[in-house]
Amino acid sequence: MNIGENLARLRKDKQISVYKLSQLSDVSINYIRRVEKGESVPSIEILTALLSPLGMRLSEFFNEESEKPNILYPSPCEAELVRLYRQLNKEQAGVLLNLAKLLAQK
């Protein structure tokens, strides 16, 4: 497994720039670029910081042998939406679901 290549692929799949990942993870842009090019190997702490904004846990990142695709954990925004959804009554939840469907179509 090439950590840098996989990190770059995951970042691009999530459509997050190196600049944005740097902001979200508090890891320098230059260091992220060196990792993605295979010039540096990040510590577990730094890799964890880089994966968190991408919605992936360290254990998933290294789980190459799994036959199922990587299951991404919800971002903080997604988790907040779920938390708020759970506070709604059935009618409100239906309205929110319909709104989300309309927004997803655009």
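Residues numbered from 1 in each chain as written. Predicted model: local features only at pLDDT ≥ 70, side-chain atom pairs only at ≥ 80, totals over all residues. Heavy atoms only, no water.

**Q** It is not clear to me how the pattern of salt bridges should be interpreted in this structure. Could you clarify?
**A** Two side chains of opposite charge can pair, provided their charged atoms sit close to one another. Summed over the entire model, instances satisfying the criterion amount to three salt bridges. Arg9 is the partner of Asp13 in a salt bridge, and the nearest nitrogen-oxygen pair spans 3.7 Å. Of this pair, Asp13 and Arg9 both sit in helix α1 (residues 3-13), four residues apart, which is roughly one turn of that helix. For Arg9, a relative accessible area of 43% translates into the label partly exposed. (Salt bridge = Lys/Arg side-chain N within 4 Å of Asp/Glu carboxyl O. Helix = DSSP H or I, 4+ residues; strand = E, 2+ residues; numbered from the N terminus. Buried < 20%, exposed > 50% of the residue type's maximum accessible area, 1.4 Å probe, protein only.)

**Q** Please clarify how the environment of Ile3 should be interpreted in this entry.
**A** Tracing the chain through its elements places Ile3 in helix α1. Considered as a pair, Ile3 and Val35 are 32 residues apart in the sequence and their alpha carbons are 7.6 Å apart. Apart from the residues lying within four places of it in its own chain, the contact partners of Ile3 are Val41, Pro42, Leu47, Phe61 and Phe62. (Contact = heavy atoms within 4.5 Å.)

**Q** How should unusual backbone geometry be read in this particular structure?
**A** Of all residues except glycine, most have a negative phi; of all peptide bonds, most are trans. Positioned with a positive phi, Gln15 is a non-glycine residue whose angle comes to about 55°. Among the structural elements, Gln15 can be located in the loop between α1 and α2 (18-25). The class for Gln15 is exposed, based on a relative accessible area of 74%. Non-glycine residue Asp26 carries a positive phi angle of around 65°. With respect to the helices, strands and loops of the structure, Asp26 is situated in the loop between α2 and α3 (29-36).

**Q** How should I be thinking about a nonpolar patch on the surface in this particular structure?
**A** On the surface, Tyr85, Leu88, Leu96, Leu99 and Leu103 cluster together to form a nonpolar patch covering roughly 440 Å² of accessible area. By residue number, the principal contributor to the nonpolar patch is helix α7 (residues 90-105), which donates three residues. Residue position: Leu88 is located in the loop between α6 (76-85) and α7. (Patch = residues over 30% accessible without salt bridge, like charges linked within 9 Å, V, L, I, M, F, W, Y side chains within 5 Å. Areas by Shrake-Rupley, 256 points an atom, 1.4 Å probe, with all protein chains shown as cover.)

**Q** Before we go on, may I ask you to explain the confidence of the model for the protein chain in this structure?
**A** Close inspection of predicted coordinates is inappropriate in any region flagged by low pLDDT. Mean pLDDT over the protein chain stands at 86; residues scoring 70 or higher make up 87%. Mean pLDDT values for the elements of the protein chain range from 81 in α6 up to 96 in α3. Across residues 65-71 the pLDDT falls below 50, and counting only partners more than four positions away or on other chains, this stretch makes four contacts in the model. (pLDDT = per-residue confidence, 0-100.)

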